[in-house]
Every structure is written in structure tokens, then in C-alpha cells.
Amino acid sequence: MFDKKQKSYTDLLGKTNRIVEGTIIKGDIISHADFRLDGNLIGNFQSGGKIVIGPAGSVTGDIVCKNADIEGKFDGKIQVTEVLNVKSKASIHGEVTTGKLSVEPGADFSASCTMKTNVKNLIQNDGQQSQKKSE
């Protein structure tokens with residue numbers, strides 16, 4: 001009667017973790033749900049969802065996530081499996097690997113960028129190639 005599947009992490013994506021302005025975190029964050037950062041993170045961030053770095057937010061470290069909207073400052077390596085949106089007030093320095101990239105006019109995008117359609121497969125399969133067809 002109540003046989004329902006267990007909630008997967010995608011059900012958590014409607015719930016957003018939040019770090020408010022004025023908060024400084026030194027260390028790594030791992031989250032399956034979406035995340036909004038208006039404070040400062042000095043460390044690495046990993047998520048199966050989306051990260052939003054607000055206008056007052058900053059990250060110094062590495063990010064691995066599904067989607068990202070950056071309006072604040074980022075310095076490091078970022079790996080986004082789907083879409084990276086860089087807003088007009090954003091400042092990005094470092095290395096970017098993404099599936100799709102959107103950069104608004106006025107953004108400071110001083111990074112090397114690699115666009116790959118199979119970034120998702122690389123992250124999920126830990127670097128193993130899985131979509132090669134042999135005929």
C-alpha cells in the first residue's frame with residue numbers, strides 16, 4: 001500500500017543549503033542537494049546538484065558539481081557536468097571544465113576553459129570511457 005521508492009538525492013534538490021554573508025568556512029563541503037553560498041569558502045566543494053555563489057560569496061579551492069551560477073568570486077578549478085552560468089559581476093580565475101558555458105557581458109573570466117560534452121560520464125565513471133562504440 002505504501003510501497004514507494006526511497007527518495008534519491010534528486011528529491012533533495014528542491015532543498016537548498018545556505019551559507020549566509022559574513023560566514024567563513026575553512027574546509028571541504030560535500031552535499032547532494034543544491035547549495036547557495038553568500039559567505040566565503042576556503043576549501044573544496046562537491047555536489048550532485050547546483051551551487052550558486054552569490055554576489056557577496058567567494059570560493060578559493062576546487063568545485064565539482066552538476067550546475068553552477070557564479071555571481072561572486074571564484075579562484076581555483078571548477079568542473080561542471082552540465083551548465084556553468086557566469087553572471088556580469090562575477091570574477092573567475094583558474095581552470096574551468098564544463099559541458100555548456102554562459103558568460104554575461106561585464107564578467108571577469110580570466111580562466112582556461114575546456115568544454116566537454118561527456119564531462120558527466122567522466123565524473124560518474126571515475127575517468128573510465130563508457131560511450132565508445134565499436135562497429
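See above for the structure.
Notes on the structure follow.

Analysis parameters
Residues numbered from 1 in each chain as written. Predicted model: local features only at pLDDT ≥ 70, side-chain atom pairs only at ≥ 80, totals over all residues. Heavy atoms only, no water. Pairing = 2+ DSSP bridges. Helix = DSSP H or I, 4+ residues; strand = E, 2+ residues; numbered from the N terminus. 1 Å grid on protein atoms, 1.4 Å probe; cavity = no way out; pocket = protein on both sides within 12 Å on 5 of 7 lines; lining within 4 Å. Points joined across faces, edges and corners; volume = space filled by probe spheres on them. Nonpolar A, V, L, I, M, F, W, Y, C, P; charged D, E, K, R; others polar. Contact = heavy atoms within 4.5 Å. Core = buried A, V, L, I, M, F, W, Y, C linked by side-chain atoms within 4.5 Å. Buried < 20%, exposed > 50% of the residue type's maximum accessible area, 1.4 Å probe, protein only.

**Notes on the pairing of strand E11 (residues 73–86)**
Successive residues of a regular strand alternate their side chains across the two faces of the sheet. Relative to E11, strand E8 (residues 58–60) runs parallel, the two sharing three bridges. In the strand pairing of E11, Val59 is matched with Phe74. Note that strand E9 (residues 63–65) and E11 share three bridges and pair parallel. Bridged to Cys65 within E11 is Val80.

**Some words on the layout of surface pockets**
Approximately 200 Å³ is the volume attributed to the second largest pocket. Around the second largest pocket, the lining residues are Asp62, Ile63, Val64, Lys77, Ile78, Gln79, Glu95, Val96, Thr97, Ser112 and Thr114. Those elements giving two or more residues to the lining of the second largest pocket turn out to be E9, E11, strand E12 (91–103) and strand E13 (108–115). Residues belonging to the lining of the second largest pocket are distributed by class as follows: four nonpolar, four polar and three charged.

**Quick word on the environment of Ile78**
Relative to the helices and strands, Ile78 is located in strand E11. Between the C-alpha atom of Ile78 and that of Val96, which follows or precedes it by 18 residues, the distance is 5.0 Å. Those residues in contact with Ile78 that sit more than four places away from it in its chain are Ile63, Ala68, Ile70, Leu84, Glu95, Val96 and Thr97.

**Things to note about the environment of Ala33**
Take Ala33: it is sitting in the loop between strand E3 (29–31) and strand E4 (34–37). Considered as a pair, Ala33 and Lys15 are 18 residues apart in the sequence and their alpha carbons are 6.5 Å apart.

**Describing the nonpolar core**
Judged by nonpolar contacts, the single largest core of 21 residues is most densely connected at Ile63, Ile70, Ile78 and Leu84. Going through the elements one at a time, E4, strand E7 (50–53), E9, strand E10 (67–70), E11 and E12 are the ones with two or more residues in this core. Sequence-distant contacts of Ile63, defined by excluding residues within four places in its chain, comprise Phe45, Ile51, Ile53, Phe74, Lys77, Ile78 and Gln79.

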